[in-house]
Amino acid sequence: MFRFVTVRLLQGLLVLLAIYAVTFFLVAATPGSPFSTERAIRPEILAQIEAFYGYDKPVGERFVTSVSNALRGEFGPSAVYANRSVTDIIAESFPVSLKLGSLALGLALALGIPVGIIAAVRQNSWLDYVPMSVSMAGICLPTFVMGPLLALIFGLIFELLPVAGWFGPEYVILPALTLGLYYAAYFARLTRGGMLEMLNQDWVRTARAKGVSESTIVWKHCLKGGLIPAITFLGPALAGIISGSFVVETIFQIPGLGQWFVKGALNRDDFLILGLTVLFAALIVVMNLLVDIVQVALNPRLKYE
Amino acid sequence: MALLEVSDLRTSFYTRGGVVRAVDGVSFTLDKGETLGIVGESGSGKSVTCYSLMKLIPEPPGRIESGTAIFDGQDLLRMSARDLRKVRGNRISMIFQDPMTSLNPYLRISTQLIEALRIHRDIDKKAALNKAIAALEEVGIPGASSRVHQYPHEFSGGMRQRVMIAMALITEPDLLIADEPTTALDVTVQAQILDIIKERQERLGTAVILVTHDLGVVAGTCDKVNVMYGGKLMESGTAEQVFYDPIHPYTRSLQKTIPSLQTKGADLYTIPGLPPDVSKPINGCAFYPRCPYPKVAQPEGERPQLVENGDGHCFADCRFCDSSAPIESVLPKHDAGDVDTAQDIREGEGAA
């Protein structure tokens, strides 16, 4: 187990390095520069700016400096927003996305998994058809439709909740619902599929022949295996959900991380792009590792290798 | 009084292709400690008969249409789910065909072994575990005290079937239903598994229903034999009666297919044609199209009822073929060398 985790973390580090290199050289190869503005800048001033950010040096040297800084946890200043470092931006906005994301994820799991289990146990009844139709609609409905719809109903018609901003606990409800319901729909369908596969196994018949009750069959015999599809999806979903959703954050005007992915790319903010990419990749690596550990714990046929 | 008395059991499956009458009026009895073999080709309804007794038929699409199965004074087919759970795994246990898929891969062998004990007996975990270890030892699993904590994937197919047997017999049931317990196993392991079932049965006095399509197995292990075809019994009696003195043309043909009973070097006999499609109504006799005997009448009306031959030997009283001659005289001759076998089979099917 310890060896497994160590090896996987080292592998993850290599993956991060590769991602860092690809992103760095892609950004460097992109035409234009972070410092080009609509106003003409005098060449000597531009040269001074470039020197300040290290852009006067050859790209190879810049890469080495950049990597060694990143290894120490420094991603440099924002190339666009003066006086703010990439770390500042992340430190400011990541907790916001993390809070929204965890709530949304909690909602998605708390709603999606029980609904999926019930639908599987009561297959081909209204307890199956209704939630599964609704969840299909939930998956098909993009968040940019769901968000305004919820805002319209709960914010404008019933005037129960604020529709935008990030000030108090009530401001998190609508965006968390928008994001959470979408993932809940996914989890419900995946759990239903996983549970159905388990419930149709031969060994369920064996258990029935032993006199095991239906509820024990679900909880003791089928739940572990039935959750595996949902948990496999959880890894990448987790990374995406807590690192912020640009659409949801834009709709509800939330100062989260999602907006910076877009702003960084549009503004050619080289350092910000790199910082965010590394953060996102690191989240994926860690989440996948966690998911793999949980999978081994659930499925005795898997071993740490 | 018989331990189990099944009468007029009918089980159908309502599929898109029509109503499949998998079991169509089956009756038999079984005494304490007795072994009953149910033989027949795939799709003859032998497994469905067993699953119906335990009410393990998935409903829908399956449905037990009629019949009674009186087990120790109670009708299994009309019990509440709750009462039925008290019988399953306690007084009637079951072993399934494929040991690779019949054990839960997510749970330890120990958990699965003691499950029935913990449900049906007032026993604590420790004592149950000790019983489980003893049960594994009795079915010949070496190192039982450590292997009991392993998972099914750490066992071979034969070992898993031993575990299944131990699991089924751990509550010392009155009746064990074994649904083709050796079909999925290597030939070398098959005999061992049957020996274990037999040995445990004798020790515990358990009655056994053994479903198989291996006639050799039936002859060696069973007291009584039911021959099924197209959801009905074609013949029943003691193993001696059915094997050494078969009456119905189907049983006689089946007997001819046992390789070890034939002359060495002769072509193996196969019954031409396919088992009947039970989703369509059967006129008269289900075996008629494949019957090697000379046909004397067009099949029509109800399928023939079982009649008794005086000494408990029952057979479907068929009037559409003349089965007075011994079967050898009506089977095609296979003289070594001069017959094109492939063509022969084709002709046989053409006739069917």
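Residues numbered from 1 in each chain as written. Chains lettered and ligands numbered in written order. Predicted model: local features only at pLDDT ≥ 70, side-chain atom pairs only at ≥ 80, totals over all residues. Heavy atoms only, no water.

Engineer: How should the interface of chain A and chain B be read in this particular structure?
Structural biologist: In many analyses, interface size is given as the accessible surface area lost on bringing the parts together. In this complex, chain A contributes 22 residues to the contact, which on the side of chain B involves 26 residues. Both faces considered, chain A and chain B share a buried interface measuring about 2200 Å² in area, 58% of it formed by carbon and sulfur atoms. Counting across the chain A and chain B interface gives two salt bridges. The closest approach of N and O atoms between E115 of chain B and K210 of chain A, which form a salt bridge, is 2.9 Å. Taken together, chain A and chain B are joined by 13 residue pairs in polar contact (both at pLDDT 80 or more). (Contact = heavy atoms within 4.5 Å. Buried area = accessible area lost by both parts, 1.4 Å probe. Salt bridge = Lys/Arg side-chain N within 4 Å of Asp/Glu carboxyl O. Polar contact = N/O pair within 3.5 Å; in protein donor to acceptor, adjacent residues only side chain to side chain.)

Engineer: Even after reading the chapter, I still don't get the sheet that holds strand β7 (residues 175-179) of chain B, so can you show me in this structure?
Structural biologist: Backbone hydrogen bonds hold the strands of a sheet together, and the pairing may be parallel or antiparallel. All names here are of chain B. Reading across from one edge, β6-β7-β8-β3-β9-β10-β12-β11 is the order of the eight strands in this open sheet, with mixed pairing throughout. On the outer flanks of this sheet lie β6 (92-95) and β11 (306-308), each paired with one strand and no other. This sheet shows a mean twist of 20 degrees between the axes of neighbouring strands, independent of strand direction. Summarising the sheet, strand β3 (residues 35-39) and strand β8 (residues 207-212) pair through five bridges and their orientation is parallel. The partner of L36 across the bridge, within β8, is I209. (Pairing = 2+ DSSP bridges. Helix = DSSP H or I, 4+ residues; strand = E, 2+ residues; numbered from the N terminus. Axes fitted to C-alpha atoms, helices over the stretch in contact; angles between N-to-C directions.)

Engineer: Help me out: how do you make sense of the nonpolar core in this one?
Structural biologist: One recurring pattern in soluble globular proteins is that nonpolar side chains are buried together. In terms of nonpolar packing, the biggest core is built from 103 residues, with L4, M94, L136, L175, I177, I209 and V225 of chain B touching the most fellow members. The dominant element in this core, judged by the number of residues it contributes, is helix α7 (residues 157-169) of chain B, at eight residues. Taken domain by domain, this core gets at least three of its residues from each of domain 1 (100-170) and domain 2 (256-351) of chain B. Setting aside residues no more than four positions away along its own chain, I209 of chain B makes contact with L4, F28, L30, L36, I38, C50, L53, L175, L176, I177 and A178 of chain B. Judged by nonpolar contacts, the second largest core, of 50 residues, contains Y55, L174, A184 and L272 of chain A. (Core = buried A, V, L, I, M, F, W, Y, C linked by side-chain atoms within 4.5 Å. Buried < 20%, exposed > 50% of the residue type's maximum accessible area, 1.4 Å probe, protein only. Domains from an automatic or database assignment.)

Engineer: Help me understand the environment of T188 of chain B, please; the structure alone is not making it clear to me.
Structural biologist: Residue and element names in this part refer to chain B. Structurally, T188 can be placed in helix α8 (residues 187-204). Judged by its relative accessible area of 60%, T188 falls in the exposed class. Measuring from C-alpha to C-alpha, the distance between T188 and G158 comes to 9.5 Å, with 30 residues separating the pair along the chain.

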